[in-house]
Amino acid sequence: MDLDIEGGKRPQVYKALQDAYGSDRVSKVLTIRTEKSKSALLTAARGLGLDPDIGSYLASFIKSDRGQQRSLKQTYYGDIENDISPDYKFKELMDGEYKEVWKVAQYIEGLCCGVGSHAGGVVFYDEPITNTTALMQTTNGDVITQYDLHRLET
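Residues numbered from 1 in each chain as written. Predicted model: local features only at pLDDT ≥ 70, side-chain atom pairs only at ≥ 80, totals over all residues. Heavy atoms only, no water.

Draft legend 1. Structural context of the overall build of the protein. Per the secondary structure count, the protein includes 7 helices and 6 strands. Ordered by position from the N terminus, the helices and strands of the protein form the series α-β-α-α-β-β-α-α-α-β-β-β-α. In terms of C-alpha radius of gyration, the protein reaches 21 Å, well past the compact-globule figure of 15 Å for 154 residues. Counting only C-alpha atoms, the protein reaches 60 × 35 × 30 Å along its principal axes. Summing over all exposed atoms, the protein offers an accessible surface of approximately 9,900 Å²; the carbon and sulfur share of this is 50%. If the 18 positive side-chain charges of the protein are averaged to one point and the 23 negative ones to another, these points end up 2 Å apart. (Helix = DSSP H or I, 4+ residues; strand = E, 2+ residues; numbered from the N terminus. Rg over C-alpha atoms; globule rule 2.2 N^0.38 Å. Areas by Shrake-Rupley, 256 points an atom, 1.4 Å probe, with all protein chains shown as cover. Lys, Arg positive; Asp, Glu negative; His and termini not counted. Charge placed at Lys NZ, Arg CZ, Asp CG, Glu CD.)

Here it is, written out as structure tokens:
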């Protein structure tokens, strides 16, 4: 269940759900943050000891469509299905002076870079949670599942 309610009221609603169904049968849900294309370029440049300005410059070639960053491959190769042309300046830089950044960034893009608690994701169980999934505690003390919503459904 995704509780799309005003943020200030979520703790109260979550507490009420735990009181009603049992704290061992209601849990918040894990979210997984992944390296996006810009972040992958910044991380690759930093890891290779390049000046941070170079990483920022390379990341500036990544465009966004309706708030979603294009992938490295979409920027480099283009994407016919989504009417995206390759960025030839980006391609030139990646094929030339920044070949190693390109190689490393492709490995980094999509990797898990952190976890958090879903803003409104709550899962209900018909038995104690720990019979079917593992739990963990966030830095602010929330107990959350160790799987995201999609894995929990499975």
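Draft legend 2. A look at helix H2 (residues 37–47). For H2, the complete set of buried residues consists of Ser37, Ala40, Leu41, Ala44 and Ala45. An end-on view of H2 places all buried positions within 125° of arc, on one side of the element. Those residues of H2 that are exposed and angled more than 90 degrees off the buried face are Arg46 and Gly47. Where H2 is buried, its residues meet helix H3 (52–59), strand E3 (68–69), helix H4 (72–77), helix H5 (88–95) and helix H6 (99–108). Where H2 ends, the next residue or the one after it, glycine 49, has phi of about 75°, a positive value. (Buried < 20%, exposed > 50% of the residue type's maximum accessible area, 1.4 Å probe, protein only. Arc of directions from axis to C-beta. Contact = heavy atoms within 4.5 Å.)

These results come straight from atomic positions and should not be treated as a statement about function.
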